[in-house]
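Geometric and topological summary
For reference, the chains in residue letters:
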Amino acid sequence: MTVLDCEKFVIRPWVQSDLDSLVHHANNEKIASQLRDRFPHPYTREAGRAWLDIATSMDPLTAFALAVNEEAVGGIGIELKEDIARCSAEIGYWLGEEHWGKGIVTKAVIEMTRHAFETFELTRLYALVFEENQASRRVLEKAGYTLDAILQRNTIKAGRIHNQALYSTLRENVISE
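This one's a predicted model, so the numbers in the text were calculated from it and none came from an experiment. (Residues numbered from 1 in each chain as written. Predicted model: local features only at pLDDT ≥ 70, side-chain atom pairs only at ≥ 80, totals over all residues. Heavy atoms only, no water.)

Quick look at the packing of helix α1 (residues 19–26) against helix α3 (residues 45–55)
One can describe the packing of α1 onto α3 by two numbers: an axis separation of 9 Å at closest approach and a directional angle of 120°. Taken together, the axis directions place α1 and α3 in an arrangement best described as oblique. In this structure, α1 crosses over α3, and the sense of that crossing is right-handed. When α1 is examined against α3, the residues Leu19, Asp20, Leu22 and Val23 are found in contact with a partner set consisting of Arg45, Gly48, Arg49, Trp51 and Leu52. When its residues are assigned to classes, the contact of α1 with α3 shows 5 nonpolar, 1 polar and 3 charged. (Axes fitted to C-alpha atoms, helices over the stretch in contact; angles between N-to-C directions. Helix = DSSP H or I, 4+ residues; strand = E, 2+ residues; numbered from the N terminus. Parallel < 35°, antiparallel > 145°, perpendicular 65-115°, else oblique. Left-handed = near helix turned anticlockwise from the far one by under 90°. Contact = heavy atoms within 4.5 Å. Nonpolar A, V, L, I, M, F, W, Y, C, P; charged D, E, K, R; others polar.)

Listed below in structure tokens is the structure:
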């Protein structure tokens with residue numbers, strides 16, 4: 001995939017020149033609080049450079065920028081699984097706060113889901129979100145994902161134990177073969 005045009009935004013590969021916009025939009029505690037610890041807060045230029053080095057050298061390419069007016073304002077990607085779970089991948093995403101509530105992430109999840117199933121030999125995509133993250137849960141539901149389970153006391157973030165909501169969708173729900 002080079003670029004997916006989603007009208008209000010595009011899904012495109014990360015480039016090194018995204019550093020300033022990446023740091024600007026990612027340096028937000030509200031975002032970091034809902035993601036894995038590997039997404040740091042504060043989000044420094046050093047963290048941004050490290051991420052862009054990873055994202056621009058991926059093979060296969062699985063991490064993409066969400067760009068509005070050519071500015072990277074968020075990210076979306078999949079993490080391919082290995083061994084006996086190689087038919088599954090986990091989808092993840094984030095968006096700069098000034099772009100929340102515009103339908104960008106829902107559309108991005110729909111398009112990324114389709115892209116993942118068309119590109120890789122996957123049977124299932126899933127997402128894990130904190131149970132209390134109602135906005136992200138609504139995004140997944142609007143994008144056609146269904147709630148599989150609430151994983152009790154499954155994670156720890158900032159010293160607090162959280163439940164996680166496990167959502168998934170299957171290839172046959174997205175790609176008619």
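Considering unusual backbone geometry
Trans is the prevailing form of peptide bonds, just as negative phi is the prevailing case for residues other than glycine. A cis geometry characterises the amide bond from His41 onward to Pro42, with omega recorded as 0°. Secondary-structure assignment places Pro42 in the loop between α2 (29–32) and α3. Omega for the bond connecting Asp59 with Pro60 falls within 30 degrees of zero, at 10°, which places this linkage in the cis form. When you line up the elements, Pro60 lands in the loop between α3 and β3 (63–68). Its identity is not glycine, yet Asp83 carries a phi of approximately 55°, on the positive side. With respect to the helices and strands, Asp83 occurs in the loop between β4 (71–80) and β5 (88–95). Phi at Arg153 takes a positive value of approximately 50°, unusual for a residue other than glycine. Relative to the elements of secondary structure, Arg153 occurs in strand β7 (residues 146–157).

These values are about where atoms sit, not about what they do.
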